[in-house]
Amino acid sequence: MKKRTEEKREAILDAATAVFRDMGFHNASMNAIAARLGGSKMTLYSYFPSKEAIFLEVVRRVSLDKNETISSFLEEPAIMDDSRQKASEAFLELERPDDDIESILKRFGEKFIAFIYSPKVLAVRRALLAESYRPEIGHYFYEHGPGKTIELITVFLEKAMKKGQLKPDMDAYAAATHLRSLLNARWYERCLFELVKAPSEKEMQKSVADAVRVFLAAYGVNTGKKD
């Protein structure tokens with residue numbers, strides 16, 4: 001009986017995830033979730049007291065994904081399998097052995113931007129942000145999203161400092177926040193508020209190259225040197 005109850009609960013969360021992704025939080029309803037599930041609203045209420053409770057559990061379940069790299073990337077929650085793969089590929093770039101830090105940061109940046117501004121991920125981000133004023137969701141959203149993302153970048157930058165690829169006296173955590181902000185700078189509000197759907201590949205490459213150039217001007221070891 002307990003197994004059947006848990007299976008039904010997971011089925012509800014699967015249906016809710018799809019509805020939130022497709023419709024956004026505000027447009028989603030218990031009726032829409034029940035219809036996607038193939039059951040009744042009474043079934044939903046027997047497991048969750050409200051749409052908000054279901055939404056919070058969807059966020060919590062994604063953040064507890066067994067793949068640590070993906071759960072750490074929950075600034076942009078990867079609910080779809082193809083999105084999870086894209087997120088994983090982005091962070092793998094920070095683990096590849098390479099002495100050319102500019103190339104590493106450009107590859108990471110391009111995959112980072114392509115992932116977080118894909119239509120599916122943007123839809124989920126908008127839903128999360130719409131509810132982030134609630135303390136429990138806002139805290140969870142940050143801790144398992146921007147906070148974890150910055151931590152991963154910080155680890156990479158600390159290793160780069162030890163290799164002599166970046167200035168040895170820099171604050172790696174502060175630098176990580178600067179890099180993330182630079183990569184987001186051109187697209188965050190424009191995409192979030194649907195002024196543009198998503199950057200084209202050419203636009204993305206240019207914006208990432210500009211961001212990396214500014215970052216390395218501040219933190220690169222060759223800053224200020226002349227040939």
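Position numbers for residues start from 1 in each chain and track the written sequence from start to end. Whole-chain, interface and lining totals are the exception, using all residues; otherwise, since this is a predicted model, local features are given only for residues with pLDDT of at least 70 and side-chain atom pairs are given and counted only at 80 or more. Neither water nor hydrogens contribute to the side-chain values; these are computed over all heavy atoms in the structure.

A word on the overall build of the protein chain. Runs of H or I in DSSP of at least four residues are treated as helices and runs of E of at least two as strands, each being numbered from the N terminus. Within the protein chain, the secondary structure is distributed over 13 helices and 0 strands. Going from N to C terminus, the protein chain has its helices and strands arranged as α-α-α-α-α-α-α-α-α-α-α-α-α. We call a residue buried when its accessible area falls under 20% of the maximum for its residue type, exposed when it is over 50%, and partly exposed in between, using a 1.4 Å probe and counting protein chains only. Here the protein chain holds 227 residues, and 44% of them are scored as buried. We call two residues contacting when some pair of their heavy atoms lies within 4.5 Å. In the protein chain, of all internal contacts separated by at least 6 residues, the share reaching a separation of at least 24 is 64%. Only carbon and sulfur atoms are counted for the fraction: they give 53% of the accessible area of the protein chain, which is about 12,100 Å². For accessible areas, the Shrake-Rupley method is used with a probe of radius 1.4 Å. Any residue's cover is judged against the shown protein chains and nothing else.

Next up on the list: helix H1 (residues 2–23). Each helix should span, by expectation, one fewer than its residue count multiplied by 1.5 Å. In this model H1 runs 31 Å from its N-terminal to its C-terminal C-alpha over 22 residues, within 8% of the 32 Å that 1.5 Å per residue would give. Within the sequence span of H1, burial applies to Ile12, Leu13, Ala15, Ala16, Thr17, Ala18, Val19, Phe20 and Arg21. Taken from the residues just after H1, Gly24 is the one with a positive phi, measuring 80°.

On to the packing of H1 against helix H2 (residues 30–37), then. For any two helices packed against each other, one specifies the inter-axial angle together with the distance between the axes. Axis definition: a line fitted to C-alpha atoms, limited for helices to the stretch in contact. Angles are taken between N-to-C directions and run from 0 to 180 degrees. Relative orientation of the contacting elements H1 and H2 amounts to 120°, with a least axis distance of 9 Å. In terms of axis orientation, H1 runs oblique to H2. Crossing of H1 against H2: the hand is right-handed. Facing Ala11, Ile12, Ala15, Ala16, Ala18, Val19, Phe20, Asp22 and Met23 of H1, the residues of H2 in contact are Ala32, Ile33, Arg36 and Leu37. Looking at the contact of H1 with H2, its residues break down into 11 nonpolar, no polar and 2 charged. The labels follow the angle: roughly parallel below 35 degrees, roughly antiparallel above 145, roughly perpendicular from 65 to 115, and oblique for the rest. Should the near helix be turned anticlockwise from the far one by less than a right angle, the crossing is left-handed, and should it be turned clockwise, the crossing is right-handed. Each residue is assigned to one of three groups, with Ala, Val, Leu, Ile, Met, Phe, Trp, Tyr, Cys and Pro labelled nonpolar, Asp, Glu, Lys and Arg labelled charged, and all others, Gly among them, labelled polar.

The aromatic pairing rule takes the rings of Phe, Tyr and Trp, using the six-membered ring of Trp, and pairs them if the centres are within 6.5 Å, calling planes under 30 degrees apart stacked, those over 60 edge-to-face and the rest tilted. This structure, assessed with the given rule, holds 3 aromatic pairs. An angle of 55° between the planes, with centres 5.5 Å apart, marks the rings of Phe91 and Phe108 as tilted. Here Phe91, found in helix H6 (residues 81–92), pairs with Phe108, found in helix H7 (residues 101–116); they are 17 residues apart in sequence, far enough to count as distant. Accessibility assignment for this pair places Phe91 and Phe108 in one class, buried. Ring centres of Phe108 and Phe112 lie 5.4 Å apart, and the angle between their planes is 40°; this geometry places the pair in the tilted category. Here Phe112 and Phe108 lie together in helix H7, a separation of 4 residues that amounts to about one turn. In this structure an aromatic cluster arises from ring pairing among Phe91, Phe108 and Phe112.

Secondary-structure assignment places Lys51 in helix H4 (residues 51–63). Polar side-chain contacts of Lys51 include one of 3.1 Å to the backbone oxygen of Ala28. Two N or O atoms form a polar contact when they lie within 3.5 Å of each other; inside protein one atom must be a possible hydrogen donor and the other a possible acceptor, and for residues adjacent in sequence the pair counts only when both atoms belong to side chains.

Moving on, we get to the confidence of the model for the protein chain. As a per-residue measure, pLDDT tells how confident the predictor is, with possible values from 0 to 100. Here the protein chain averages 80 in pLDDT, and 77% of its residues register 70 or above. Taken element by element, the protein chain is modelled with least confidence in helix H5 (residues 68–71), mean pLDDT 38, and with most confidence in helix H11 (residues 172–184), mean pLDDT 96. Across residues 223–227 the pLDDT falls below 50, and counting only partners more than four positions away or on other chains, this stretch makes 3 contacts in the model.

Pairing between side chains becomes possible if they bear opposite charge and their charged atoms approach one another. A side-chain nitrogen of Lys or Arg and a carboxyl oxygen of Asp or Glu constitute a salt bridge if their distance falls within 4 Å. A complete count under the given rule lists 8 salt bridges for this structure. One salt bridge connects Arg9 with Glu57, and the closest N-O pair in it is separated by 3.4 Å. Here Arg9 is found in helix H1, whereas its partner Glu57 is found in helix H4, with 48 residues between them in sequence. Residue Arg9 is classed as partly exposed on the basis of its relative accessible area of 22%. Note that Lys106 is salt-bridged to Glu102, the shortest N-O span being 3.2 Å. Separated by 4 residues within a single helix, Lys106 and Glu102 lie in helix H7, roughly one turn from each other. Members of the salt-bridge network, linked through shared partners, are Glu93, Arg96, Arg107 and Lys111.

What follows deals with H7. In a regular helix each residue adds 1.5 Å, so 16 residues correspond to 22 Å; H7 covers 22 Å between its end C-alpha atoms and thus fits that length. Residues Ile101, Ile104, Leu105, Phe108, Gly109, Phe112, Ile113, Phe115 and Ile116 constitute the buried set of H7. Down the axis of H7, the sector holding all buried residues measures 155°, keeping them to one side. This arc corresponds to the set of directions leading from the helix axis out to the C-beta atoms.

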